[in-house]
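Fold and geometry: a report
Here's the letter readout for the chains.
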Amino acid sequence: MAKTYSPTLRWTNNEFEKSPSIDVLPATDEFIFTLQNNKLSYLQRKFYEDNGYLVIKNLVSPSKLDVYSDRFEKICRKEVTVPFLTVMKDIAVTTSEFIPGEKAIAKIQNFIHDEVLFDYCCLPELVEYVECFTGPEIEARHTMFINKPPDTGSKTSRHPMHQDLHYFPFRPTNRIVCSWTAIVKVNKENGCLVVAPGTHKGELLPHSYPDWDNGVNKMYHGIQNYDLSQPRIHLEMEPGDTVFFHPLLIHGSGVNRTPHFRKSISCHYASSNCYYIDVTCTTQETIANEVKQLVRKRLGNNEINVSFADVWKLKSREVKGKEKVRAMSRL
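Residues numbered from 1 in each chain as written. Predicted model: local features only at pLDDT ≥ 70, side-chain atom pairs only at ≥ 80, totals over all residues. Heavy atoms only, no water.

**What about the overall build of the protein?**
Within the protein one finds seven helices and 18 strands. A buried classification covers 53% of the 331 residues belonging to the protein. Summarising the internal contacts of the protein: among those between residues at least 6 apart in sequence, 81% fall at separations of at least 24. For the protein, the accessible surface area stands at approximately 15,900 Å², while carbon and sulfur atoms represent 51% of it. (Helix = DSSP H or I, 4+ residues; strand = E, 2+ residues; numbered from the N terminus. Buried < 20%, exposed > 50% of the residue type's maximum accessible area, 1.4 Å probe, protein only. Contact = heavy atoms within 4.5 Å. Areas by Shrake-Rupley, 256 points an atom, 1.4 Å probe, with all protein chains shown as cover.)

Structure (structure tokens):
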């Protein structure tokens, strides 16, 4: 006989309170955002369904985090060259005097062609959770190493509240998930992630650059007329803790008020069966045009015809097919 379960979940310090185990999962008709397998418990699935995110403690080992941090530093020192990598600086740094090495870099994106960093995307302990949201055929669609700098007083280190789907021209939405792993301890002081639970059940909202006094970092779009009274939760995490969240979940991050850089690594995964859409005349058209113009500038050809979908195809790399995980953690 199956044990009973409570539909109400209690969450304390990002961890489920201890409760009786469930021998048999209930019918899956109520689940929209997760898939049936043996990895997530009923309580974990229910929490993600209700809130749009799920934190898994100690998922990535300290040794792996050290490898990724070391690789990031080598890239910043230009000891390693990675094809098609996007390097981003905080707007406060770009307007200041020369700052060497990793202190000048706020984020690198699209590291799928670097085998050391791409190892993160293929970690078996990560992928087995990803499969709960995407299914067994998985692609890495967007990769980032984030190095949030200490704020200079301009508050440019914060990230406006936004939905990641704003940037993605592929669907279905529910077969996309982000993994975001803390490399150092993250808390309110150094600008941890802030999420608005349950907002993944809504629609994609219009985004634009916020009207901030000291400027906004490139591509840091935020939800227009965002309601600051909306309930939010700060996700304070230890190194190796990983949060998985839905692309419609409204989230952002605050100012880094410490003298240290807040480091994390992330990957957006999607089912290999996801399809691309035309975002013309939608709320995503502005970001699509901005991205395409950036690509043309990088290629030195303003006349080249490139689609938003083409750009994202170049950012993608297979992680797992039907039979086996690709390049599963070779380090």
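**Things to note about the pattern of salt bridges**
Enumeration over the complete set of coordinates arrives at twelve salt bridges. Among the salt bridges present, the one from lysine 57 reaches aspartate 241, with a minimum N-O distance of 2.8 Å. Pair noted here: lysine 57 is in the loop between β3 (53-56) and α2 (62-76) and aspartate 241 is in the loop between β13 (233-235) and β14 (242-245), with a separation of 184 residues, a long-range link. Here lysine 320 and glutamate 131 are joined by a salt bridge, their closest N and O atoms 2.5 Å apart. One end of the pair, lysine 320, is in strand β18 (residues 317-320); the other, glutamate 131, is in helix α5 (residues 124-134), and 189 residues separate them in sequence. Each member of the salt-bridge network shares a partner with another, and the members are Glu73, Arg77 and Glu79. (Salt bridge = Lys/Arg side-chain N within 4 Å of Asp/Glu carboxyl O.)

**Looking at the pairing of β3**
Residues Tyr53 and Val55 line one face of β3 and the alternating positions Leu54 and Ile56 line the opposite face, and both faces are buried. As defined by bridge partners, β3 adjoins β14 across four bridges and the pair is classed as antiparallel. The residue of β14 that forms the bridge with isoleucine 56 is threonine 242. (Pairing = 2+ DSSP bridges.)

**What to know about the confidence of the model for the protein**
Chain-level pLDDT for the protein is 85 on average; 81% of the residues reach the 70-or-more range. A low-confidence stretch, residues 1-27 (pLDDT under 50), is modelled with 36 contacts involving residues beyond four sequence positions or located in other chains. Considering only residues more than four positions removed or in separate chains, one finds that residues 323-331, a stretch of pLDDT under 50, has 27 contacts. (pLDDT = per-residue confidence, 0-100.)

**A short note on the environment of arginine 158**
By the element assignment, arginine 158 lies in the loop between β6 (138-148) and β7 (159-162). Under the relative-accessibility criterion, arginine 158 is labelled partly exposed at 24%. Along the sequence, arginine 158 and lysine 148 sit ten residues apart, while their C-alpha atoms lie 8.5 Å from each other.

**What to know about the sheet that holds β7**
Paired through their backbone hydrogen bonds, the strands of a sheet run either parallel or antiparallel. Spatial strand order, β7-β15-β10-β13: four strands in an open sheet with antiparallel pairing. Two strands close off the open sheet at either side, each with one partner strand: β7 and β13. Strand-to-strand twist in this sheet, taken as the mean axis angle between neighbours without regard to direction, amounts to 25°. (Axes fitted to C-alpha atoms, helices over the stretch in contact; angles between N-to-C directions.)

**So, α2**
The end-to-end C-alpha separation of α2 is 21 Å, in line with the 21 Å expected for 15 residues at 1.5 Å each. Within α2, burial applies to Lys64, Leu65, Tyr68, Ser69, Arg71, Phe72, Ile75 and Cys76. For α2, the buried positions fall inside an angular range of 160° around the axis, keeping them on one side. Opposite the buried face of α2, by more than 90 degrees, sit the exposed residues Pro62 and Asp66. Check the buried side of α2 and you find it contacts β5 (107-109), α4 (115-121), β6, β9 (176-182) and β16 (262-271). Taken from the residues just after α2, lysine 78 is the one with a positive phi, measuring 65°. (Expected span 1.5 Å × (residues − 1). Arc of directions from axis to C-beta.)

**Points about the packing of aromatic side chains**
The geometry of two aromatic rings is summed up by the distance between their centres and the angle between their planes. Under the criterion given, the structure shown has eleven aromatic pairs. Between the aromatic rings of phenylalanine 47 and tyrosine 53, the centroid separation amounts to 5.3 Å while the plane-to-plane angle is 85°, which identifies the pairing as edge-to-face. Here phenylalanine 47 and tyrosine 53 have matching classes, each one buried. Between phenylalanine 72 and phenylalanine 145 the ring centres are 4.2 Å apart and the planes differ by 10°, which places this aromatic pair in the stacked class. Here phenylalanine 72, found in helix α2, pairs with phenylalanine 145, found in strand β6; they are 73 residues apart in sequence, far enough to count as distant. (Phe/Tyr/Trp six-rings, centres within 6.5 Å; stacked < 30°, edge-to-face > 60°.)

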